[in-house]
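Examination of the molecular architecture
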Amino acid sequence: MEILSGVFEGLTTGTPLALFIRNRDVDSGPYETLRRLFRPGHADYTYFKKYGHVDYRGGGRYSARETAARVAAGVVAGKMLEPLGVTVTAYTLELGGIRAERINLDFIEQSPLYCPDTIASQRMEEAIAAARKGGDSLGGIAEIRVISCPAGLGEPVFDKLDADLAKAIMSVGTVKGVEIGAGFEAGRHRGSEHNDPLTPIGFGSNWAGGILGGISNGDEIILRAAMKPIPTISHAQDTVDREGHPATIKFAGRHDIAPIPRIIPVLEAMVKIVLADHYLRSKTVTC
């Protein structure tokens, strides 16, 4: 990565940060089959409908390559959060229907899939290998935890902290659902079991996921993101060409089998960016 502006002698200058990341491993050859065809489950079709033109070579703004910029921005946001003691940790909770049962945060960095469960991690790797062999792909669920976030971040109506976090995570390609705290499980609770009791030393439970009324309550913020399977697969699929004629497509180029593990640092970055933004808006908050 090249820093073109905004940093001098190891410090930001207050001017915009310009970061340049070169792609040194370009191979657009396999994408030639997509010159006239749309990939099912991909954004080729919608981009073509919106703009009348589409970059079929695997790049563009609907490529996951754009998330490199998000991760770079997340590093800067993380620097702003460090004095507050805020830590953001994302990990693989589920992949291909295999769910982590024993959450050991110390194991995350040791797992190639950022999974906190040693047994589940191994099973996930086996599932990926099987999907690759079968020319298919897998979806998954990531969980993000924010520790030591001060109470008071967020706005009460239009810029609720949970709303901004949900939007930030949903803006990442492949994410199709976001939960905060109990999430959809809250719809099955009674008030008597869902309300988090207040005690002199904090909350007695955390169904709220660290946010109440759009404002952080000082407890751990817990989010989950559900990701669809990678749409580019080696199976023959029905599609249409740019003129709307029926066709069949089978992709043989380089592609991931699952959004995990690549998406994990991206989700962490997006959460850091939102938290840093809300911190700047509310500097009167005490840690």
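Located above this text is the structure these notes cover.
These remarks concern the structure in this document. This is a predicted model, so every value here is computed, not measured.

**Digging into unusual backbone geometry**
A cis amide bond links I260 to the next residue, P261, at an omega of 15°. Inspection of the secondary structure assignment puts P261 in the loop between β15 (246-249) and α6 (263-281). Even without a glycine there, the phi angle at E9 is positive, about 55°. By secondary structure assignment, the location of E9 is in the loop between β2 (7-8) and β3 (11-12). Even without being glycine, S148 reaches a positive phi, approximately 70°. Along the chain, S148 falls in the loop between β7 (140-147) and α4 (161-170).

**Brief notes about the packing of aromatic side chains**
Tallying each qualifying case throughout the model produces 4 aromatic pairs. Aromatic pair Y47 and Y62: ring centres 4.6 Å apart, planes at 50°, arrangement tilted. In this pair, Y47 is assigned in helix α1 (residues 44-51) and Y62 in the loop between α1 and α2 (67-81), connecting sequence segments 15 residues apart.

**Notes on the nonpolar core**
Ranked by size, the top nonpolar core spans 46 residues in total, and within it I221, I263, L267 and L275 carry the most contacts. Looking at this core, the elements that each hand over two or more residues are α2, β5 (87-95), α3 (118-133), β7, α4, β8 (175-180), β13 (221-227) and α6. Here the element with the most residues in this core is α6; it accounts for 9 residues. Ignoring anything within four residues of it in the chain, the contact list for I221 reads I144, R145, V146, C149, L161, L165, G209, G210, I211 and L275. L34, L37, Y56 and I249 belong to the second-largest nonpolar core, a separate cluster that totals 6 residues.

**Details of α4**
Among the residues of α4, those classed as buried are L161, D164, L165, A168 and I169. Here the buried residues of α4 occupy an arc of 130° about the axis, which is enough to place them on one side.

**Some points on the pairing of β13**
Among the 7 residues that make up β13, 6 are buried, leaving the element largely enclosed by the rest of the structure. The pairing of β8 with β13 spans 5 bridges and is classified as antiparallel. For V178, the partnering residue across the bridge sits in β13 and is A225.

Conventions and cut-offs
Residues numbered from 1 in each chain as written. Predicted model: local features only at pLDDT ≥ 70, side-chain atom pairs only at ≥ 80, totals over all residues. Heavy atoms only, no water. Helix = DSSP H or I, 4+ residues; strand = E, 2+ residues; numbered from the N terminus. Phe/Tyr/Trp six-rings, centres within 6.5 Å; stacked < 30°, edge-to-face > 60°. Core = buried A, V, L, I, M, F, W, Y, C linked by side-chain atoms within 4.5 Å. Buried < 20%, exposed > 50% of the residue type's maximum accessible area, 1.4 Å probe, protein only. Contact = heavy atoms within 4.5 Å. Arc of directions from axis to C-beta. Pairing = 2+ DSSP bridges.

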